Amino acid sequence: MLYYLYEYLTSQGIHIPGMGLLKYISFRAGMAVLLSLTIALIYGKSIINYLRGKQMGELVRDLGLDGQKQKEGTPTMGGFIIIIATLIPVLLFTRITNIYIVLLIVTVIWMGAIGFLDDYLKKIKKNKDGLSGKFKIVGQVGLGLIVGVTMYFHADITVKRKYADAKVVNRNNVEQNFMPTEKITVSTVPFAKNNEFDYSGILFWMNDKDAHEWAWIVFIPIVIFIVTAVSNGANITDGIDGLAAGTSTVILLALAFFTYVSGNIIFADYLNIMFLPNMGETTIFVVAMVGAVIGFFWYNTYPAQVFMGDTGSLMLGGVIAVLAVILRKELMIPVLCGIFLIENISVMLQVVVFKYRKRKFGLEYAQNNRLFKMSPLHHHYQKDGFHESKIVNRMIIIGVMLAIVCLITLKMR
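Residues numbered from 1 in each chain as written. Predicted model: local features only at pLDDT ≥ 70, side-chain atom pairs only at ≥ 80, totals over all residues. Heavy atoms only, no water.

Caption draft 1: The arrangement of helix α3 (residues 79-93) in detail. In this model, α3 (15 residues) spans 22 Å end to end at C-alpha, consistent with the 21 Å of a helix rising 1.5 Å per residue. Turning to α3, its buried residues are Gly 79, Ile 81, Ile 82, Ile 83, Ala 85, Thr 86, Leu 87, Pro 89, Val 90 and Phe 93. In this fold, the buried residues of α3 make contact with α1 (2-11), α2 (25-53), α4 (99-123), α11 (282-300) and α12 (309-326). (Helix = DSSP H or I, 4+ residues; strand = E, 2+ residues; numbered from the N terminus. Expected span 1.5 Å × (residues − 1). Buried < 20%, exposed > 50% of the residue type's maximum accessible area, 1.4 Å probe, protein only. Contact = heavy atoms within 4.5 Å.)

What follows is the structure, given as structure tokens:
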């Protein structure tokens, strides 16, 4: 909004000292993160008090965990803090007609609404199961479909790939090192030398023209799967104070770096990566969300004054998934979102092993010989006697290590 104001005033010959800074993505990103952090810190307490006044306290099931019942009554739906603190700076400092910004705003509202409905049914309607799992899946699939279709068909979503001999093409005019703009379903393969993968290659029985034309048959279902998997992973990870917020902050910071270098042709040339036109603007959105999550983390650290609820966790997972897809970095998700992946896998393994042992040895044996003491994995460590703060801190450290591995893939090729 402010960028458009700057453009309008400039076109009218009106020059306000300092306002020219708004043309720089780095300046607007810095202002966005400061504003989002300030909103979350200052107004977060008011939102928490409002939620407490509306009796939006958490209903805690007795799982036999230390300190668990003390959390009874802690306000949930704190994801609203993140949503509000993100959207206000985004609307102020980004070019909101940018297709990537539009997709991300839709993701925040869409996944936030699904999470809110789940929290609403649990807290207001006293339905302990909340929103039915199949309706959550429908919502996630719907978002994945929107993102996949937009990515494939929208004219403004393109890539510019470097020539194989770019080093000798032109070092003085980096734009000449890149091929013409392409509309292509290409992604980045981490740790690989020739690290570009085109989804049309899966349709190997077709000729090149037909394969590119029908690549959406492969690409869109993969996007749907990624959105569903990552949003569920974030949701499962949100089980103890600060875990989902802390690990998400690390992931978002890594993605913010990728958005900046991928949207800047000079850095893209230097790092020998795809240049994504219009992507630089997305940096402002990501850092705004980083500030919002850190501000929320202020109130969510042990002992938590508020929980993000599904309103926040589903939304965060959805945003991370969509960011990875639009950055053409979705194949990096198993590493970057390693904590989400481990938490997800621990639940699936627990169920599979329990069912197998129940069928093979009987119910009593299966109950007494579970793979984990409790799933997701963070509860296993709680049962093992670790304090939840230690679990959270160590998982954040692991998340930082995984993020660094992802960043150095820019040179490990």
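That shown, we press on.
Caption draft 2: Here's a closer look at the UniProt feature "binding site: Mg(2+)" (unreviewed entry) in the protein chain. Sequence positions flagged by UniProt for "binding site: Mg(2+)" (unreviewed entry) are, in local numbering, Asn 235 and Asp 310. Across 76 residues of sequence, these annotated residues stay compact in space, with a maximum C-alpha separation of 6.5 Å. For Asn 235, a relative accessible area of 17% translates into the label buried. Among all residues touching Asn 235, those that are not within four sequence positions of it are Lys 136, Asp 310, Ser 313 and Leu 314. When near neighbours in sequence (up to four residues on either side) are disregarded, Asp 310 contacts Gly 115, Asp 118, Asp 119, Lys 122, Lys 136, Asn 235 and Met 315. A polar side-chain atom of Asp 310 sits 2.7 Å from a polar atom in the side chain of Asn 235. (UniProt positions renumbered as here; feature names shortened; annotations may be inferred. Polar contact = N/O pair within 3.5 Å; in protein donor to acceptor, adjacent residues only side chain to side chain.)

Caption draft 3: Representation of the packing of α2 against α11 in the model. At a closest axis distance of 7 Å, the pairing of α2 and α11 adopts a crossing angle of 30°. Between α2 and α11, the interaxial angle falls into the category roughly parallel. Considering how the two elements wind past one another, α2 and α11 form a crossing that is right-handed. Contacts between α2 and α11 involve Ile 25, Arg 28, Ala 29, Ala 32, Val 33, Ser 36, Leu 37, Ala 40, Leu 41, Gly 44, Lys 45 and Ile 48 from the first element and Thr 283, Ile 284, Val 287, Ala 288, Gly 291, Ala 292, Ile 294, Gly 295, Phe 296, Trp 298 and Tyr 299 from the second. A class-by-class count of the residues in the contact of α2 with α11 yields 16 nonpolar, 5 polar and 2 charged. (Axes fitted to C-alpha atoms, helices over the stretch in contact; angles between N-to-C directions. Parallel < 35°, antiparallel > 145°, perpendicular 65-115°, else oblique. Left-handed = near helix turned anticlockwise from the far one by under 90°. Nonpolar A, V, L, I, M, F, W, Y, C, P; charged D, E, K, R; others polar.)

Caption draft 4: Examining a nonpolar patch on the surface more closely. A cluster of nonpolar side chains, namely Leu 145, Val 149, Phe 153, Trp 214, Trp 216 and Ile 217, defines an oily patch on the protein surface of about 550 Å² accessible area. Secondary structure elements with two or more residues in the nonpolar patch: α5 (133-153) and α8 (216-237). Broken down by element, the residue count for the nonpolar patch peaks at 3 residues, all from α5. One can find Phe 153 in helix α5. (Patch = residues over 30% accessible without salt bridge, like charges linked within 9 Å, V, L, I, M, F, W, Y side chains within 5 Å. Areas by Shrake-Rupley, 256 points an atom, 1.4 Å probe, with all protein chains shown as cover. Salt bridge = Lys/Arg side-chain N within 4 Å of Asp/Glu carboxyl O.)

Caption draft 5: Seen up close, the packing of helix α9 (residues 243-262) against α12. Interaxial distance between α9 and α12 falls to 11 Å at its minimum, and their mutual angle equals 25°. Accordingly, the angle class assigned to the pair α9 and α12 is roughly parallel. Along this stretch, α9 crosses α12, giving a crossing that reads as left-handed. Each of Ser 248, Ile 251, Leu 252, Leu 255 and Thr 259 in α9 lies in contact with α12, whose residues at this interface are Leu 316, Ile 320 and Leu 323. A breakdown of the residues in the contact of α9 with α12 according to their chemical character gives 6 nonpolar, 2 polar and no charged.

Caption draft 6: Broad picture of the environment of Arg 52. Counting through the fold element by element, Arg 52 comes out in helix α2. For the pair Arg 52 and Gly 73, spaced 21 residues apart in the sequence, the C-alpha separation amounts to 8.1 Å. With residues near it in sequence (within four places) discarded, Arg 52 still touches Pro 75 and Gln 305. Engagement of the side chain of Arg 52 in a polar contact is seen with the side chain of Asn 49, the distance being 3.2 Å.

Caption draft 7: Region of interest: unusual backbone geometry. At the junction of Tyr 302 and Pro 303, the peptide bond is cis and its omega measures out at -10° in the coordinates. Structurally, Pro 303 can be placed in the loop between α11 and α12. The step from Ser 375 to Pro 376 runs through a cis peptide bond, and the omega angle for that step is 0°. Structurally, Pro 376 can be placed in the loop between α15 (363-368) and α16 (377-383). Even without being glycine, Met 77 reaches a positive phi, approximately 65°.

Caption draft 8: Representation of empty space enclosed by the protein in the model. On inspection of all chains with the given rule, the structure shows 1 cavity of 30 Å³ or more. There is about 40 Å³ of room inside the largest cavity. Considering the residues around the largest cavity, the lining is formed by Leu 255, Phe 258, Ala 324, Lys 329, Met 332, Ile 333 and Leu 336. (1 Å grid on protein atoms, 1.4 Å probe; cavity = no way out; pocket = protein on both sides within 12 Å on 5 of 7 lines; lining within 4 Å. Points joined across faces, edges and corners; volume = space filled by probe spheres on them.)

Caption draft 9: Quick look at the pattern of salt bridges. Throughout the structure, instances matching the rule amount to 7 salt bridges. The salt bridge partner of Asp 118 is Lys 136, with a shortest N-O separation of 3.4 Å. Placement of the pair is Asp 118 in helix α4 and Lys 136 in helix α5, with a sequence separation of 18 residues. Residue classification places Lys 136 among the buried positions, given a relative accessible area of 14%. The partner of Lys 162 in a salt bridge is Asp 269, with the nearest N and O atoms 3.0 Å apart. Here Lys 162 is found in the loop between α5 and α6 (166-169), whereas its partner Asp 269 is found in helix α10 (residues 265-271), with 107 residues between them in sequence. Note on Lys 162: relative accessible area 11%, which makes it buried. Each of Asp 118, Lys 136 and Asp 310 takes part in a single network of salt bridges with overlapping partners.

Caption draft 10: Quick look at the packing of aromatic side chains. Tallying each qualifying case throughout the model produces 13 aromatic pairs. Residues Phe 197 and Tyr 199 carry aromatic rings whose centres are separated by 5.3 Å and whose planes lie at 75° to one another, so their mutual orientation is edge-to-face. Judged by its relative accessible area of 28%, Phe 197 falls in the partly exposed class. Overall, Tyr 199 belongs to the buried group, its relative accessible area being 2%. Between Tyr 381 and Phe 386, the aromatic rings sit 5.9 Å apart at their centres with planes inclined by 90°, giving edge-to-face as the arrangement. By relative accessible area, Tyr 381 is classed as partly exposed at 32%. Pairwise contacts between aromatic rings join Phe 80, Phe 116 and Tyr 120 into one cluster. (Phe/Tyr/Trp six-rings, centres within 6.5 Å; stacked < 30°, edge-to-face > 60°.)

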